[in-house]
Structure formats: C-alpha cells, structure tokens
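# Commentary on secondary and tertiary structure
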Amino acid sequence: MSFINYSSREINCKIVYYGPGLCGKTTNLQYIYNKTNPQAKGKMISLATETERTLFFDFLPLSLGEIRGFRTRFHLYTVPGQVFYDASRKLILKGVDGVVFVADSQIERMEANIESLENLRTNLTEHGYDLDKIPYVVQYNKRDLPNSAPLDELKKLLNPTTVPDFEACAVSGEGVFDTLKAVAKLVLQELKSGR
Amino acid sequence: MAGPGMVMYEEEFHKISAVIDKLVKDANAKVVFLVDKNGQMIAACGEVENLDTTSLASLTAGNIAATGGLAKLLGEKEFSILFHEGERDNLHISLIGQRVILVVIFDDRSSLGLVRLRVKKCGEELAGIFDQLMKKAEAEAAGVGGVSPFAEITDEDIDNLFRE
Ligand SMILES: Nc1nc2c(ncn2[C@@H]2O[C@H](COP(=O)(O)OP(=O)(O)OP(=O)(O)O)[C@@H](O)[C@H]2O)c(=O)[nH]1
Ligand SMILES: [Mg+2]
C-alpha cells in the first residue's frame, strides 16, 4: 500500500521479491545496494540465519528522484524462500505495491518455482490481492548456469499471463536493474491510475 | 485490491507531530515515533539526529507483524503492547487503532509506569486524528478526479526517475 505524504512531499511504495529458496532474492538486493550511490539508499537490513538464509526479510530503502514535486521512495523487501517459513512470507506481503517473482532457472528447481508461484498467489489472496491485477514482473535468474532450462519453457511454465519478464544473473548484476525499473514503473503507473 | 494506501496531509501531520512532541516531554522519553503497519515512518520526535529512522520503522513493523502472527496462533486478536528492556534504553511499542504503531524509547530518566500512563492518554488522541485522516482521504479519493497530483504523471516522468 503506497503511502502518500503531502506534508513531507514523499511517495513511499513497497516492493517484494518472492521466489523459492536460494533463487537469488537476497543477491538481487545486495547488487542493487552495492551499485546505488550512498545518498540514494539507506542501510540494508538482513534478518538471516547463520548460514545466510533469509529468516524473516531483507530490507533496502531506495530514494529515486522527484516526480511532480514528490520524492519517490521504494522499500524493497525479500521473503524467506524456504517452504517452512510460510507464516513469515505471508506477513511480508502485507501492504505490498508491487511483486517481483524471482525464478531459479535450473531445471531441477522447476518444481520449487511452480510451488513458490502458487504459494505467492495464495498468500496474496489472503491479503485481498489478485496477482493478475497488481504490478508484477518475473525474473529468470541464474541464467549463467549450464543446467538452466530453456527460456521458452520457463516462460510457458512461470509466466502464462505474459507480464514483463527478464533474464538475469544476480551475482553479476545482469538484468537486476531492468527488473527493478520495470516493477517500479508499473507501481507508479498504478498510482497514476489512482486505484 | 486491499483498499487505498495511506495518505498524510499537512494539517494532520502538524496535529500528530504536536501530540508526539508533547509525549516526549510528558513521558521524559528520548524518542517517540509513529510507523504505519507496513513499515513507513509517519513522524518522529525527540533525539532523532543519530537514529536510522527508516530502519527502525521497518523493523518495528516486522516486529509487530511477527507478534501479531504469534497472537493469532494463540487465538488472541493481537498483543497491543510490547515492551523490550535494554541495559540503557527501553522500547515501548503499542498499537493505535489497528493501523499505526507508536514507539517510545526511554532510559532511566523515565519509567515504564510513566510511559504507560502517558501513552494511554496520547493513544486516544492519536486514534482520533487518524480516524479523521482516513475519512478525509476516503472523501478525497471518492471526490472529483484530478485532485491527485499523480493523475498527471507521464511515462516520461517515470523514465526520468531512472536516468543515471
Ligand atoms: N550462479 C549463480 N548463482 C547465483 C545467482 N544468483 C544468486 N546466486 C547464488 O545463489 C545462492 C543463494 O542466493 P540468495 O540470494 O541468498 O538466495 P535467496 O533467494 O535469498 O534464498 P532464501 O533467503 O533462502 O530464500 C548464493 O550462493 C548466491 O551467490 C546467479 O544468477 N547465478
Ligand atoms: Mg534470501
């Protein structure tokens, strides 16, 4: 849920990175953090286990430029991808303005991708959102790996509604900002339509 | 959709700031701030210069969300007050009208009893202001179009944001 502050002239929006365990959600945020200049970002918070698996969420506040005299701020969150953290995942989705689904391109993770996507839909529904109606993009991550599935197969399985989608390698950063820009753009367009 | 987002206007912002400013003094607190349940900072007063208020807001909301989840599992509606005791600073967190989180940071210049007492009174006042704010936002949303400054956003405006 966006927060429009007429007093401080700011718009705040919440974007959530969703996807199966180890698909690279945290890596996306780390790359964005590392490549953003200091005045445009706040501290990145990672609530993680000792083995660096996300336990509750990662949080990265970004401040883009101004739009019609309002400073635009995006709060990026990741969810914990491991199946048994579902209760936490659900909590993070509360008040979301836009969703990035990060898929793991490796063939052996296809089932996990599908399961996570179904889980996303279910959890959104519980908050009263419809995945087909909110700003939403898909990222096929880990394209650099030799065991990654062909793109058209991924598209068919994970993006039947053909929302904007991107190939990525979050470690090298390829496709990371394209994904972010696309979802941010959809969120702002939604704001414009005043829904 | 899950309803409109939160909106804050100048008038209500000043009222809210005045209330929490007073709470800082009345409760002998170091810092008082208000966060919406989604983790957006609404207002902060007191010794905030060296505080990372954005991080505080996000973690507070996460904390309330997790505690709310626990409450549900136990069949409670919500735990409306949380208290964290530190060696130097303490944290008193309370829910205002189901939507907003009020956080008071205090040290041994104050006490839990005093903070509780002052928060209770101030909470009612804040709930009133937020009710009024919600009504106003709903009325504006339902009213004549074109009031929103964002109705005029162009694709170019959006593209400009991402120009390095
Ligand atoms: N080869 C390759 N490895 C990647 C890529 N993206 C992420 N990784 C690696 O995959 C592992 C898991 O990445 P994370 O970003 O922690 O995954 P996550 O989705 O946050 O996982 P959870 O927090 O458990 O949900 C790390 O070792 C990353 O370095 C990629 O594009 N290519
Ligand atoms: Mg992670």
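Anyway, here's the lowdown on the structure attached to this text. Just so it is clear, the model here is predicted, and its values are computed rather than measured.

### A look at the overall build of chain A
- Secondary structure assignment for chain A yields five helices and eight strands.
- Secondary structure elements in chain A, listed N-terminal to C-terminal, are β-β-α-β-β-β-α-β-α-β-α-β-α.
- A compact globule built from 195 residues should have a C-alpha radius of gyration of about 16 Å, and chain A, at 16 Å, falls within 12% of that.
- Taken along its principal axes, the extent of the C-alpha atoms in chain A is 50 × 35 × 30 Å.
- The buried share among the 195 residues of chain A stands at 57%.
- Long-range pairs, those at least 24 residues apart, make up 68% of the contacts in chain A with a sequence separation of at least 6.
- Carbon and sulfur atoms make up 52% of the accessible area of chain A, which amounts to about 8,300 Å² in all.
- Placing the 24 positive and 23 negative side-chain charges of chain A at their respective mean positions leaves the two points 8 Å apart.

### Some words on the interface of chain A and chain B
- The interface is formed by 42 residues belonging to chain A together with 40 residues belonging to chain B.
- Here chain A is connected to chain B by two salt bridges.
- Viewed at the interface, chain B and chain A are joined by seven residue pairs in polar contact (both at pLDDT 80 or more).
- The set of elements that each furnish at least two residues to the side of chain A that touches chain B consists of β1 (3–5), β2 (10–18), β3 (45–48), β4 (54–67), β5 (70–78) and α5 (176–193) of chain A.
- Here the side of chain A that touches chain B is built from residues that sort into 22 nonpolar, eleven polar and nine charged.

### With respect to a nonpolar patch on the surface
Residue and element names in this part refer to chain B.
- A contiguous nonpolar patch, built from Leu70, Leu73 and Leu74 and spanning about 380 Å² of accessible area, is present on the exposed surface.
- Structurally, the position occupied by Leu73 is in helix α2 (residues 53–73).
- Residue Leu73 is classed as exposed on the basis of its relative accessible area, which comes to 73%.

### Thoughts on the state of the cysteines
- According to the stated counting rule, one finds zero disulfides over all chains in the structure shown.
- Counting only cysteine sulfurs, Cys45 of chain B is the nearest neighbor of Cys122 of chain B, a cysteine outside any disulfide, at a range of 10 Å.

### Describing the site of ligand 1
Residues and elements named next belong to chain A.
- Residues in contact with ligand 1 amount to 19 residues; listed here are only the nearest, Lys25, Thr26, Thr27, Arg53 and Gly81.
- Residue Arg53 places a side-chain N or O atom 2.7 Å away from an oxygen atom belonging to ligand 1.
- Contact between ligand 1 and Thr54: an oxygen atom at 2.8 Å from a side-chain N or O atom of the residue.
- Here ligand 1, which alone exposes 650 Å², has 79% of that area covered by the protein.
- For the shell around ligand 1, the leading source of residues is helix α1 (residues 25–35), giving three residues.
- Residues that form the shell around ligand 1 fall into these classes: eight nonpolar, seven polar and four charged.

### Brief notes about the nonpolar core
- In terms of nonpolar packing, the biggest core is built from 35 residues, with Ile11, Ile15, Tyr17, Ile32, Phe74, Leu76 and Leu180 of chain A touching the most fellow members.
- Listed by contribution, the elements that provide at least two residues to this core are β2, α1, β4, β5, β6 (98–104) and α5 of chain A together with α4 (155–161) of chain B.
- Here the element with the most residues in this core is α5 of chain A; it accounts for eight residues.
- With sequence-adjacent residues up to four places away left out, Leu180 of chain A is seen in contact with Ile15, Tyr17, Ile32, Leu62 and Leu76 of chain A.

### Here's the deal with the coordination of the magnesium ion (ligand 2)
Residue and element names in this part refer to chain A.
- Coordination of the magnesium ion (ligand 2) by the protein is provided by Thr26 (OG1) and Thr54 (OG1), with metal-donor distances spanning 2.0 Å. Of the two residues, Thr26 is situated in helix α1 and Thr54 in strand β4; the sequence distance between them amounts to 28 residues. By the burial criterion, Thr26 is buried, and Thr54 matches it.

### Description of the environment of Asn119 of chain A
Residues and elements named next belong to chain A.
- Assignment of secondary structure puts Asn119 in helix α3 (residues 110–126).
- Under the relative-accessibility criterion, Asn119 is labelled buried at 17%.
- With 33 residues separating them in the primary sequence, Asn119 and Asp86 have C-alpha atoms 8.5 Å apart.
- What Asn119 contacts, discounting residues up to four positions off in sequence, is Tyr18, Asp86 and Arg89.
- Side chain to side chain, Asn119 and Tyr18 meet in a polar contact 2.5 Å long.

### Remarks on the packing of aromatic side chains
Residue and element names in this part refer to chain A.
- In this structure the tally under the stated criterion is eight aromatic pairs over all chains.
- Taking 6.1 Å as the distance between ring centres and 65 degrees as the angle between the ring planes, the aromatic pair formed by Tyr31 and Phe177 counts as edge-to-face. One end of the pair, Tyr31, is in helix α1; the other, Phe177, is in helix α5, and 146 residues separate them in sequence.
- Given a relative accessible area of 24%, Phe177 falls into the partly exposed group.
- Pairing Phe57 with Tyr77 gives two aromatic rings, centres 5.4 Å apart and planes at 70 degrees, and the pair type is edge-to-face. Here Phe57, found in strand β4, pairs with Tyr77, found in strand β5; they are 20 residues apart in sequence, far enough to count as distant.
- Overall, Tyr77 belongs to the buried group, its relative accessible area being 4%.
- Among the aromatic side chains, those forming a connected cluster through ring pairs are Phe56, Phe57, Phe59 and Tyr77.
- A cation over a ring is seen here: Lys14 above Tyr77, with NZ or CZ 4.7 Å from the ring centre.

Rules used in this analysis
- Residues numbered from 1 in each chain as written.
- Chains lettered and ligands numbered in written order.
- Predicted model: local features only at pLDDT ≥ 70, side-chain atom pairs only at ≥ 80, totals over all residues.
- Heavy atoms only, no water.
- Helix = DSSP H or I, 4+ residues; strand = E, 2+ residues; numbered from the N terminus.
- Rg over C-alpha atoms; globule rule 2.2 N^0.38 Å.
- Buried < 20%, exposed > 50% of the residue type's maximum accessible area, 1.4 Å probe, protein only.
- Contact = heavy atoms within 4.5 Å.
- Areas by Shrake-Rupley, 256 points an atom, 1.4 Å probe, with all protein chains shown as cover.
- Lys, Arg positive; Asp, Glu negative; His and termini not counted.
- Charge placed at Lys NZ, Arg CZ, Asp CG, Glu CD.
- Salt bridge = Lys/Arg side-chain N within 4 Å of Asp/Glu carboxyl O.
- Polar contact = N/O pair within 3.5 Å; in protein donor to acceptor, adjacent residues only side chain to side chain.
- Nonpolar A, V, L, I, M, F, W, Y, C, P; charged D, E, K, R; others polar.
- Patch = residues over 30% accessible without salt bridge, like charges linked within 9 Å, V, L, I, M, F, W, Y side chains within 5 Å.
- Disulfide = S-S within 2.5 Å.
- Near = heavy atom within 4 Å.
- Core = buried A, V, L, I, M, F, W, Y, C linked by side-chain atoms within 4.5 Å.
- Donors = N, O, S within 2.8 Å, 3.2 Å for Na, K, Ca; no water.
- Phe/Tyr/Trp six-rings, centres within 6.5 Å; stacked < 30°, edge-to-face > 60°.
- Lys NZ or Arg CZ within 6 Å of the ring centre and 35° of its normal.

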